[in-house]
Amino acid sequence: PARLRGTPELRSWPGLMLTLAPQAAKIPNSARHQETKVPQVSEERGTELEQERALCARAQAGDRDALASLLRLHGPRLYRSVLLPRLGSRVLAEDALSATYTKVVEKIAQFSWQSVGFYPWLRSVGLHVAIDQLRKRRRECLFEPNDLERELEHQSDPSGSAEAIEQHDLDVARERVQSLLRALNPRYALAIRLRILEDVPRESAAQTLGVSVSTFDVVLHRAMAALKKALAESGGAL
């Protein structure tokens, strides 16, 4: 993103920005599908689920187009609300999404339709993949494998829609970041909130802190260093 230019320290921390501002998260090239409804699906949720159930049945019968439709419908949601916030890296999140798709193809025959639809099962597969990723990479992570394992044990309200589950996941990730910021020097936390969370221009952010733009850049650099140190010292658990 253009707003990362001139701030090299942020390029190694893309997941933080996207977790703090999930509504701005962009889907990577490998998952860039417009999130549209399944063709001819009614706005009525009951009809929506009936159509999704039909797609699932076709997918389990070997219809790859039906399976692709399911992944186009729910893949972007999985990427932006589960994989990217919890893995903190576009590269890792893209790898995890690809691995999730592979596992779905392998395991679709094991899927059992429930009234909540396809997404909760897809989310569980994705969380298992993310757990494996986190076990290989233990530094500078907002989540630990145990965190995701607890999520699997305590699934969201079964009556909730995919949209409600997505919002819950985003809220959890956002609270993790907010908890981390509260542990920082207030000046550092403010710099991160202004520049990354709220995307305030450097000049305006510097004015808010009462410093020059060049001094603000130094403060932000130190703030990000402090954030990374806090993550490393906590092992990602807050």
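Residues numbered from 1 in each chain as written. Predicted model: local features only at pLDDT ≥ 70, side-chain atom pairs only at ≥ 80, totals over all residues. Heavy atoms only, no water.

A. Fine view of the overall build of the protein. On a plain count of helices and strands, the protein comes out with eleven helices and zero strands. Moving toward the C terminus, one meets the helices and strands of the protein in the order α-α-α-α-α-α-α-α-α-α-α. By the burial criterion, 49% of the 238 residues in the protein qualify as buried. Contacts in the protein between residues far apart in sequence, at least 24 positions, make up 67% of those at least 6 positions apart. Carbon and sulfur atoms provide 48% of the accessible area of the protein, an area that totals close to 11,800 Å². (Helix = DSSP H or I, 4+ residues; strand = E, 2+ residues; numbered from the N terminus. Buried < 20%, exposed > 50% of the residue type's maximum accessible area, 1.4 Å probe, protein only. Contact = heavy atoms within 4.5 Å. Areas by Shrake-Rupley, 256 points an atom, 1.4 Å probe, with all protein chains shown as cover.)

B. Spotlight on the packing of helix α6 (residues 119–136) against helix α8 (residues 162–182). One way to put it is that α6 packs onto α8 with a least axis distance of 10 Å and a crossing angle of 35 degrees. Facing α6, whose interface residues are Y119, P120 and R123, α8 presents A162, I165 and D169. Residue composition of the contact of α6 with α8, by class: four nonpolar, no polar and two charged. (Axes fitted to C-alpha atoms, helices over the stretch in contact; angles between N-to-C directions. Nonpolar A, V, L, I, M, F, W, Y, C, P; charged D, E, K, R; others polar.)

C. Focus on the side chain of S81. Inspection of the secondary structure puts S81 in helix α4 (residues 64–87). Polar contacts involving the side chain of S81 include one to the main-chain carbonyl oxygen of R77, which spans 2.6 Å. (Polar contact = N/O pair within 3.5 Å; in protein donor to acceptor, adjacent residues only side chain to side chain.)

D. Spatial organisation of the confidence of the model for the protein. Across the protein, the average pLDDT comes to 76, with 70% of residues at 70 or higher. Per-element averaging of pLDDT across the protein places helix α1 (residues 8–11) at the bottom with 36 and helix α10 (residues 202–209) at the top with 94. Considering only residues more than four positions removed or in separate chains, one finds that residues 1–42, a stretch of pLDDT under 50, has 85 contacts. (pLDDT = per-residue confidence, 0-100.)

E. Quick peek at the pattern of salt bridges. Tallied over the full model, the rule gives four salt bridges. The closest approach of N and O atoms between D63 and R58, which form a salt bridge, is 3.2 Å. Among the ionic pairs, D132 bridges to R135, the shortest N-O distance being 4.0 Å. Of this pair, D132 and R135 both sit in helix α6, three residues apart, roughly one helical turn. Overall, D132 belongs to the partly exposed group, its relative accessible area being 36%. (Salt bridge = Lys/Arg side-chain N within 4 Å of Asp/Glu carboxyl O.)

F. How the structure looks around the packing of aromatic side chains. Counting across every chain of the model gives four aromatic pairs. When the centroid spacing of 5.5 Å and the interplanar angle of 65 degrees are considered together, the rings of F111 and F118 count as edge-to-face. Ring centres 5.6 Å apart and planes at 55 degrees place the aromatic pair F118 and W121 in the tilted group. W121 matches F118 in its accessibility class, with the two residues each being buried. Connected via pairs of aromatic rings, a cluster forms that spans F111, W113, F118 and W121. A cation sits over an aromatic face here: R77 above Y119, 5.6 Å from the ring centre. (Phe/Tyr/Trp six-rings, centres within 6.5 Å; stacked < 30°, edge-to-face > 60°. Lys NZ or Arg CZ within 6 Å of the ring centre and 35° of its normal.)

G. Spotlight on the packing of α4 against helix α5 (residues 90–107). Here α4 crosses α5 at 145 degrees, and the two axes come no closer than 9 Å. In this structure, α4 crosses over α5, and the sense of that crossing is right-handed. Along its contact with α4, which presents R64, L67, L71, G75, L78, Y79, L83, L84 and L87, the element α5 presents R90, L92, A93, E94, A96, L97, T100, Y101, V104 and V105. Grouping the constituent residues of the contact of α4 with α5 by class yields 14 nonpolar, two polar and three charged. (Left-handed = near helix turned anticlockwise from the far one by under 90°.)

H. Structural detail: the nonpolar core. Core analysis: the biggest nonpolar cluster contains 34 residues, and L83, V104 and F118 have the highest contact counts within it. Top element by residues in this core is α4. It accounts for ten residues. Non-local contacts of V104, meaning those with residues more than four positions away in its chain, are made with L67, L71, F118, W121, L122 and V125. Among the nonpolar cores identified, the runner-up in size contains 21 residues, and A189, A206, F216 and L231 belong to it. (Core = buried A, V, L, I, M, F, W, Y, C linked by side-chain atoms within 4.5 Å.)

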